[in-house]
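Geometric and topological summary
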Amino acid sequence: MANVTIIGAQWGDEGKGKVVDWLASRADIVVRFQGGHNAGHTLVVGNQTYKLSLLPSGLVRGKLGIIGNGVVIDPIALLAEIDRVAAQGLAVTPETLRIADNAPLILPVHAAIDSARENARGDRRIGTTGRGIGPAYEDKVARRAIRVCDLAEPQTLDWRLDEFLLHHNTLLRGLGAPTFDKTALRMLLLDLAPKLLPFAEPVWERLANARRAGARILFEGAQAVMLDVDHGTYPYVTSSNTVAGQVAAGAGIGPNAVGRVLGIAKAYCTRVGAGPFPTELHDETGRTLGERGREFGTVTGRPRRCGWFDAALVRQAVKVGGIEGLALTKLDVLDGVANLKIGVGYDIDGSTYRHLPPGTEMQANARPIYETIEGWAGSTRGARSYAELPAQAIKYIRRIEELVECPVTLLSTSPERDDTILMQDPFAD
Ligand code: IMP
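Residues numbered from 1 in each chain as written. Predicted model: local features only at pLDDT ≥ 70, side-chain atom pairs only at ≥ 80, totals over all residues. Heavy atoms only, no water.

Before going further, it helps to examine the pattern of salt bridges. Opposite charge on two side chains allows them to pair when their charged atoms are near. Taken as a whole and judged by the stated rule, the model has 26 salt bridges. Between Arg98 and Glu201 there is a salt bridge, with its nearest N and O atoms 3.0 Å apart. With Arg98 in strand S6 (residues 97–100) and Glu201 in strand S7 (residues 200–201), this residue pair connects regions lying 103 residues apart in the sequence. Residue classification places Arg98 among the buried positions, given a relative accessible area of 10%. Residue Glu201 is classed as buried on the basis of its relative accessible area of 12%. The salt bridge partner of Glu284 is Arg287, with a shortest N-O separation of 3.3 Å. Here the residue Glu284 and the residue Arg287 both occupy positions in helix H9 (residues 284–292), the gap between them amounting to three residues, near one helical turn. (Salt bridge = Lys/Arg side-chain N within 4 Å of Asp/Glu carboxyl O. Helix = DSSP H or I, 4+ residues; strand = E, 2+ residues; numbered from the N terminus. Buried < 20%, exposed > 50% of the residue type's maximum accessible area, 1.4 Å probe, protein only.)

Written out as structure tokens, the structure is:
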């Protein structure tokens, strides 16, 4: 049975929520494998709008949700999210949600460090979500993280908190920020333990059994390839690997379980936070895209920067992300724009590049090389077949396929779930 992995192919916010929701309804299990509550997926189901950050999207479709060990879990944010959706009538219980017992926790210290460091960066700030994601991943690789399983061992917590606070309080003092008290933190963790532990288990084992039983598993990526800590526009990235290769390590499952990899890309491009964005538009067209596309961050509420579709960037994401099919979203936002541009490469200090080189200075100096395509007068909104699309819109899609060297296998033509054109079923064997 085929599994499916969904990842973002630009800088996040590509409209993964709708596609994930649509595929979740056809999966048995939905698994988060990286990121944390920096992600934001908006799901519209009937007359309810769910805004999820940490919970796997499949939960709203009654599917088992799993948070893998590759995720950094803020227990306070998780429990608040569970309460929030409960108030909307969706009960999340240990029967419907399982959490990797070896996943690292995000504690209030991490958000404090995140903000203090961003402030210290001044003009060079990354524009993080301020949720402590980076510091929590740092702790994981530095081997001082407090993990879900540690909540069951008060003695372990005791000495691990000593090491944890020695590091963080030293740093906070240096940054001129308030420090944290061990007793209070210990009490907080012991209070959280009985609330969180019923959800915890070795999820790798459940996933192995589910695979053997032929279950369909959907791996739900957060952020996107250009925010990947290795392959993105470093240092303006998040702190996890967002590529499909991360599924295996972040869920505790072999690489052959990743299944079909579907990349999500907007028909134009947006970014929140700081960092290079070669095809960014600072003019009226950029503002029009932002207004029409309602480009405001789900988590931060910040307006998103908008620009033309960057095919060179997406081609790179296709290659490093392992993307086999592209879901193109928000095509309708381009309706009526007379001339469309597509970035096909970069001019950097007089030299031509087919991809964005990794150097920070080079990325900042990258000027897009454009190809212009005539737009379309008609509407693509709500189209459910290619026959309903204006000829020029089809031409635009075909050109994108050629340039990114990947087929567009799904087209989303409005926020409505059924306004989707499917060319290839990713779950099909
Ligand atoms: P962090 O993940 O909070 O450390 O933020 C690092 C960068 O990733 C910032 O530019 C954020 O705006 C961006 N980022 C993190 N999560 C998302 C997301 O879900 N969508 C879009 N951008 C994100």
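As a matter of local geometry, the ligand sits amid 15 residues, with Asp13, Asn38, Gly127, Thr129 and Thr238 nearest to it. With respect to the ligand, the backbone of Gly127 contributes an N or O atom lying 3.3 Å from an oxygen atom. Contacts to the ligand include Gln223, whose side-chain N or O atom sits 3.2 Å from a nitrogen atom. Summarising the interface, the protein chains cover 96% of the accessible area of the ligand, which totals 470 Å² for the free molecule. Among the residues forming the shell around the ligand, the class breakdown is six nonpolar, seven polar and two charged. (Near = heavy atom within 4 Å. Polar contact = N/O pair within 3.5 Å; in protein donor to acceptor, adjacent residues only side chain to side chain. Areas by Shrake-Rupley, 256 points an atom, 1.4 Å probe, with all protein chains shown as cover. Nonpolar A, V, L, I, M, F, W, Y, C, P; charged D, E, K, R; others polar.)

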